[in-house]
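The chain contents come next:
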Amino acid sequence: MDTASTGAYGDVRTAPRALATEAVHAGRDDLAGQGLHAPPIDLSTTYPSYDSRAEAARIDAFAGDGADPVGPPVYGRLGNPTVARFETALARLEGTESAVAFASGMAALSAVLLARSAMGLRHVVAVRPLYGCSDHLLTAGLLGTEVTWTDPAGITDALRPDTGLVMVESPANPTLAELDLRAVAHACGSVPLLADNTFATPVLQRPAEQGARLVLHSATKYLGGHGDVLAGVVACDEELAGRLRQIRFATGGVLHPLAGYLLLRGLSTLPVRVRAASANAAELARRLGADPRVARVCYPRLGGAMIAFEVYGDPHEVISRVRLVTPAVSLGSVDTLIQHPASISHRIVDADDRRGSGVSDKLLRLSVGLEDADDLWADLDQALGGSPGHPAGMEGTRANAVTASRSH
């Protein structure tokens, strides 16, 4: 049978492997022994069992600590072998004990908040900017949580006895501001740090190695990489993973097996895609930084395929004129996407809070893909064509120079 349901991968690997090797082989280590090359897709929602006493015991064990049931699968909401393969692979790439996949990134974050709230830890300390919907979920208190927004230097002072989580995103969406995750983790003390690693991916950054106890991904983005799967995942230690599995089982925010298969396939090319797109992004950031029609460019010190830039002209006009670049929400696909955060991804955030965290009305966010860099620049160049240059008196100030993103 498909041993993904038994968690039997750990017996196969005996020595550390490079990330590129793990990306190709993690979650697939048992296939050759089954006479398979491509991972199977298990679409079953339920599974036959002729030993109801043993099944009851396994369900009782899951109710106790949320550990993956040993033995054959029970029910699709409890776990799925195909999804388990992706979870195993992502945990390997992030360097954590476990990973738990969900139907979306927001479902994954919601599960974390519910798990901490169930322990009476309803308070969250967070650093802006975050993804707009993450910001809204915390600010609106939709899950009964209370949030204190602070800068990194204020994290320790913001902690309370009922603080269950500190949440940061680095590089941040959409400004690409970077944080010293090791220093942030130290400031959290015993409170778990959740780091959203969607933009960096484990190719560029592994937050668990810097002290984060939970690593969040909108797997819709780079992990899938082709704009055809919606998913979220949390990489963490097994204790927290058990809680998250219980929340997932109770709320039903499960990942479809076909999505799990596509994500596992996406991971195999993740290092190649991220590095190639990052090379394109670095070149476009250089050209944008030298362009008099561009007021400011932010590109992370650690690299990556995301660029944030402000224009002197109307950003909506730039959006309307692109032809090769796709004007659309989301990011991390093989094709290049551009959007106006103040209108879309961060529209739900209060305008003052949005601007205060660096998301100006002139800011555009570019997710750079795998097209030829010259072709991408030709499209951006013509899209910027009608934008005015430096205002009077600005020449020579280097206002449009590329700036490495910095912590708040």
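The name given to the protein in an unreviewed UniProt entry is PLP-dependent transferase, with the source organism recorded as Streptomyces pyxinicus. Turning to the protein, the UniProt annotation filed under Sequence similarities (unreviewed entry) states: "Belongs to the trans-sulfuration enzymes family." According to the UniProt record, the Cofactor (unreviewed entry) comment for the protein reads "pyridoxal 5'-phosphate".

Chemist: Honestly, the layout of surface pockets in this entry has me stumped. Any pointers?
Modeler: With a probe scaled to a water molecule rolled over the atoms, the places where space remains empty come into view. Of the pockets and cavities examined, the second largest pocket occupies roughly 380 Å³. Around the second largest pocket, the lining comprises 24 residues; the ones closest to its centre are Met106, Tyr131, Asn173, Ser218 and Lys221. Looking at the lining of the second largest pocket, the elements with two or more residues in it are helix 4 (105-117) and helix 5 (132-140). Of the residues belonging to the lining of the second largest pocket, the class tally is ten nonpolar, ten polar and four charged.

Chemist: Looking at this structure, how should I read a nonpolar patch on the surface?
Modeler: A cluster of nonpolar side chains, Ile41, Leu43 and Leu258, forms an exposed patch at the surface whose accessible area comes to about 270 Å². Structurally, the position occupied by isoleucine 41 is in the loop between helix 1 (19-25) and helix 2 (52-65). Residue classification places isoleucine 41 among the partly exposed residues on the basis of a relative accessible area of 37%.

Chemist: Explain the packing of aromatic side chains to me, please; I cannot follow it from the model alone.
Modeler: What characterises a pair of aromatic rings is the spacing of the ring centres plus the angle enclosed by the ring planes. A full pass over the atoms with the stated rule returns one aromatic pair. Each ring, one from phenylalanine 62 and one from phenylalanine 249, has its centre 5.6 Å from the other, and the planes form 75 degrees; the classification is edge-to-face. Of this pair, phenylalanine 62 sits in helix 2 while phenylalanine 249 sits in helix 9 (residues 238-251); the two residues are 187 residues apart in sequence, bridging distant segments of the chain. Classification of phenylalanine 62 by relative accessible area gives buried; the value is 4%. Judged by relative accessible area, which is 29%, phenylalanine 249 ranks as partly exposed.

Chemist: Looking at this structure, how should I read the pattern of salt bridges?
Modeler: Side chains bearing opposite charge may pair, as long as their charged atoms lie close to each other. Under the definition given, this model contains 22 salt bridges. Glutamate 22 is the partner of arginine 17 in a salt bridge, and the nearest nitrogen-oxygen pair spans 2.9 Å. Classification of glutamate 22 by relative accessible area gives buried; the value is 3%. The partner of arginine 321 in a salt bridge is glutamate 317, and the shortest N-O contact between them spans 3.5 Å.

Conventions and cut-offs
- Residues numbered from 1 in each chain as written.
- Predicted model: local features only at pLDDT ≥ 70, side-chain atom pairs only at ≥ 80, totals over all residues.
- Heavy atoms only, no water.
- UniProt positions renumbered as here; feature names shortened; annotations may be inferred.
- 1 Å grid on protein atoms, 1.4 Å probe; cavity = no way out; pocket = protein on both sides within 12 Å on 5 of 7 lines; lining within 4 Å.
- Points joined across faces, edges and corners; volume = space filled by probe spheres on them.
- Helix = DSSP H or I, 4+ residues; strand = E, 2+ residues; numbered from the N terminus.
- Nonpolar A, V, L, I, M, F, W, Y, C, P; charged D, E, K, R; others polar.
- Patch = residues over 30% accessible without salt bridge, like charges linked within 9 Å, V, L, I, M, F, W, Y side chains within 5 Å.
- Areas by Shrake-Rupley, 256 points an atom, 1.4 Å probe, with all protein chains shown as cover.
- Salt bridge = Lys/Arg side-chain N within 4 Å of Asp/Glu carboxyl O.
- Buried < 20%, exposed > 50% of the residue type's maximum accessible area, 1.4 Å probe, protein only.
- Phe/Tyr/Trp six-rings, centres within 6.5 Å; stacked < 30°, edge-to-face > 60°.

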